[in-house]
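Commentary on secondary and tertiary structure
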Amino acid sequence: QVQLVESGGGLVQAGASLRFPCTAPGRPFTPYALAWFRRAPGKDREFVAAITWSAGNTYYADSVKGRFAISRDNAKNTVYLQMNSLKPEDTAVYYCAAGPYYFNDYDRRTNYEYWGQGTQVAVSS
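Residues numbered from 1 in each chain as written. Predicted model: local features only at pLDDT ≥ 70, side-chain atom pairs only at ≥ 80, totals over all residues. Heavy atoms only, no water.

**Let's talk about the sheet that holds strand β1 (residues 5–6)**
We count it as follows: Here, strands pair whenever DSSP counts at least two bridges between them. Each helix is a run of DSSP H or I of at least 4 residues and each strand a run of E of at least 2, with the numbering of both proceeding from the N terminus.
Strand order in this open sheet of four strands is β1-β3-β8-β7, and the pairing throughout is antiparallel. Two strands bound the open sheet, and with one partner strand each, they are β1 and β7 (68–73). Pairing of β7 with strand β8 (residues 78–83), which is carried by six bridges, proceeds in the antiparallel orientation. In the strand pairing of β8, F68 is matched with M83.

Encoded structure:
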């Protein structure tokens, strides 16, 4: 079983930035891809960004492209989400997810087998 732990959410004003990590503590972990999803109040969980662990290829939802950046540190078993120019509509619980096997549709939730507990981000206007 792989455990994913997010941290670093919080309350910020519109236009601010946040960066938070997702770690996989314990034994070395080499997934095919890691991703961030989010669930806004009253909405379904949606894809935000993904990165392949080996090559570092990145993929983004249109709603965050140009504002958010996903990166990884293989040595630390950690993936990061850098969020800039935050908007009130970015308010959500953000979840880290890991997919152990190859796939090419990075926004599909069912491709990700392991999930973190989520971290809350609230953006005030």
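Right, picking up where we left off after that structure.
**Structural notes on the pattern of salt bridges**
The criterion, for reference: One speaks of a salt bridge when a side-chain nitrogen belonging to Lys or Arg is within 4 Å of a carboxyl oxygen belonging to Asp or Glu. Only protein chains enter the accessibility calculation, which uses a 1.4 Å probe. A residue is then buried if its area is under 20% of the maximum for its type, exposed if over 50%, and partly exposed in between.
The full count for this structure, using the stated rule, is five salt bridges. The salt bridge involving R38 is made with D90; its shortest N-O contact spans 2.9 Å. Note that R38 is positioned in strand β4 (residues 33–39) and D90 in the loop between β8 and β9 (92–99), a separation of 52 residues in sequence. Accessibility classification places R38 together with D90 in one group, the buried group. Put simply, R67 and D90 hold a salt bridge, and the shortest N to O gap is 2.8 Å. One end of the pair, R67, is in the loop between β6 (58–60) and β7; the other, D90, is in the loop between β8 and β9, with 23 residues separating them in the sequence. For the residue pair R67 and D90, the accessibility class agrees, reading buried in each case. Put simply, R38, E46, R67 and D90 are held in one network by salt bridges that share partners.

**Some points on the nonpolar core**
For clarity, the threshold we go by: To define a nonpolar core, start from buried Ala, Val, Leu, Ile, Met, Phe, Trp, Tyr and Cys residues and group those joined through side-chain atoms within 4.5 Å. Only heavy atoms enter the contact rule, under which two residues are in contact if any of them lie within 4.5 Å.
In terms of nonpolar packing, the biggest core is built from 39 residues, with L4, W36, L81, M83 and Y94 touching the most fellow members. Among the secondary structure elements, those contributing two or more residues to this core are β3 (18–23), β4, β5 (45–52), β7, β8, β9 and β11 (119–124). Beyond its immediate sequence surroundings of up to four residues, L81 is in contact with L18, R19, F20, W36, V48, A49, F68, A69 and Y94.

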